[in-house]
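Spelled out from the first residue to the last, the chains are:
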Number of protein chains: 2
Amino acid sequence: MTQDSPASEQTIRASGRRMTMQRVKILEALKRRPGHSTTEQIYAQVCADDASAEMALSTVYRTLDTLTEMGLAVSFSDGGVTTYEWAGDDEPHHHLVCNGCGTTPEIAISALADLVETIEQQHGFAVDLRHMAIRGQCAGCREKSEAPR
Amino acid sequence: MTQDSPASEQTIRASGRRMTMQRVKILEALKRRPGHSTTEQIYAQVCADDASAEMALSTVYRTLDTLTEMGLAVSFSDGGVTTYEWAGDDEPHHHLVCNGCGTTPEIAISALADLVETIEQQHGFAVDLRHMAIRGQCAGCREKSEAPR
DNA sequence: CTCCGTGCAAAGGCTTTGCACACTC
DNA sequence: GAGTGTGCAAAGCCTTTGCACGGAG
C-alpha cells in the first residue's frame, strides 16, 4: 500500500470522483479523530492540521456527505446535530454512547454477531452495524446518578 | 386503574407538573401512533383527533420534550428530525428501522437480552434499550436493491 | 480543454425562546 | 390567588443550495 495513496483515495478515484486537496485534508482529519465528530469539529481539525488550509464549512458538509455515501464514513444523528466517523479501514466497530458524559467506549463486533444473526433469521432484516450506537450510562455516570436530579 | 386517570397522568402530577388539556391530547395522540412520530405528525394527530383542539406547534415541542424527560416518551434523531414514541406502558420495545422504506418492524426484547447482559458485564455499561434503533434494510428493500445505484 | 468541486453567501427547515395571558391546583 | 403552561411570533441553529470560479483529469 502506497503511503501517498491510501485505500480511501483509491476508492474515491474509482468512483469517478476527483481527489482534491480539500478531500485529502478532510479525510486526514476524519481518520485522526476518535469517535464521532461534528462537521464543525472536523472543520476545526482541518484548520488545526494546516493553518493555511482555506476551506469552506460547506465543503466539509458536502465532502462528509459524499464519504458517507461511499461508505468511507458513517453518520449519526444526535439531537439535531449530525456526527461522522471514519469507517474506511478495519472492521466496523460500535459505540456505547453514554447519555451522561458523552463518552463512546467501543464494543467488540462479536458481541453483536448473535443479535444480527437472530434478526436476520427472524425478520429477514439486514442489520447495518455501521450505523449502530447503543445508548445508556457508563459505569462512572451510573455511580454519580444514583440520586437523579 | 381508572380510565380517566391513566398512569401517565399520575406520573405527570407526581412530578409537580399540571395536567392540561393539551398534555392530555398529546399523550393520547402519542399513545395512539405506532412507531416513531415527528413532532409535526403528533401535532397533526391531535388536530385529527379533535378538530376543535387549538394548539400551537411549540406546545407539542415543549410537551414532547417534557414527556421524554420524564421517561414517558423516548426520542430519536433521524437525520435532522427528532421523532418520539410512547414509552409509558408495557416493556420497552425496539425497532428495526429500514434505511430504504422507513418501516419500523418491532423486535422482541428477548433478542437483545443477551447483548445487554454482555455489555453490562464487560463494560459496566447500563444499556438504555428504550433509545435503541437498529438500522438496516428490511426484506422487501433488500430484494429491490440487489443492484445499488 | 472539460467538467467536477469549491467558496461565498443566502435561503431553508426544524426547533427554541420571550412575553403576556389563561388555566390548573 | 399563585404559578405553571400556552399561544404567538420571532429568533436561532445546523444544513443545504445557487452561482461563478478554480483545479483535477
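Scroll up for the structure.
To keep things clear, this report deals only with the structure shown in the data block.

**Notes on the protein's contact with DNA strand D**
Working step 1: Taken together, 20 residues surround DNA strand D, and among them R13 and Y61 of chain A together with R18, E54 and T59 of chain B come closest.
Working step 2: Here a phosphate oxygen of DNA strand D sits 3.0 Å away from a polar atom, N or O, in the side chain of R23 of chain B.
Working step 3: Contact between DNA strand D and S58 of chain B: a base nitrogen at 3.3 Å from a side-chain N or O atom of the residue.
Working step 4: For the surface near DNA strand D, the secondary structure elements donating two or more residues are α4 (57-70) and β3 (81-86) of chain A together with α2 (21-32) and α4 (57-70) of chain B.
Working step 5: Tallied by class, residues from the surface near DNA strand D come to 5 nonpolar, 7 polar and 8 charged.

**Description of the protein's contact with DNA strand C**
Working step 1: Surrounding DNA strand C, one finds 20 residues, the nearest of these being R18, E54 and T59 of chain A together with R13 and Y61 of chain B.
Working step 2: Near-protein atoms of DNA strand C (within 4 Å) split between backbone and bases, with sugar and phosphate holding 68%.
Working step 3: M19 of chain B places a main-chain nitrogen or oxygen 3.2 Å from a phosphate oxygen of DNA strand C.
Working step 4: Elements with a contribution of two residues or more to the surface near DNA strand C: α2 (21-32) and α4 of chain A together with α4 and β3 (81-86) of chain B.
Working step 5: A per-class count over the surface near DNA strand C returns 5 nonpolar, 7 polar and 8 charged.

**Structural notes on the nonpolar core**
For soluble globular proteins, nonpolar side chains are generally found buried alongside one another.
Working step 1: Counting residues in hydrophobic clusters, the biggest one holds 26 residues, and the most contacted among them are L115, I119 and I134 of chain A together with L115, I119 and I134 of chain B.
Working step 2: Only β4 (94-98) and α5 (110-123) of chain A together with β4 (94-98) and α5 (110-123) of chain B provide two or more residues apiece to this core.

**Quick word on the sheet that holds strand β1 (residues 37-38) of chain A**
Residue and element names in this part refer to chain A.
Working step 1: Taken in spatial order, the 3 strands line up as β1-β3-β2 in an open sheet, and their pairing is antiparallel. The open sheet has two edge strands with one neighbour each: β1 and β2 (73-78).
Working step 2: Where β2 lies against β3, 6 bridges are found, and the strand directions are antiparallel. Across the sheet, residue S77 finds its bridge partner in β3, namely T82.

The rules behind these values
- Residues numbered from 1 in each chain as written.
- Chains lettered and ligands numbered in written order.
- Predicted model: local features only at pLDDT ≥ 70, side-chain atom pairs only at ≥ 80, totals over all residues.
- Heavy atoms only, no water.
- Near = heavy atom within 4 Å.
- Polar contact = N/O pair within 3.5 Å; in protein donor to acceptor, adjacent residues only side chain to side chain.
- Helix = DSSP H or I, 4+ residues; strand = E, 2+ residues; numbered from the N terminus.
- Nonpolar A, V, L, I, M, F, W, Y, C, P; charged D, E, K, R; others polar.
- Core = buried A, V, L, I, M, F, W, Y, C linked by side-chain atoms within 4.5 Å.
- Buried < 20%, exposed > 50% of the residue type's maximum accessible area, 1.4 Å probe, protein only.
- Pairing = 2+ DSSP bridges.

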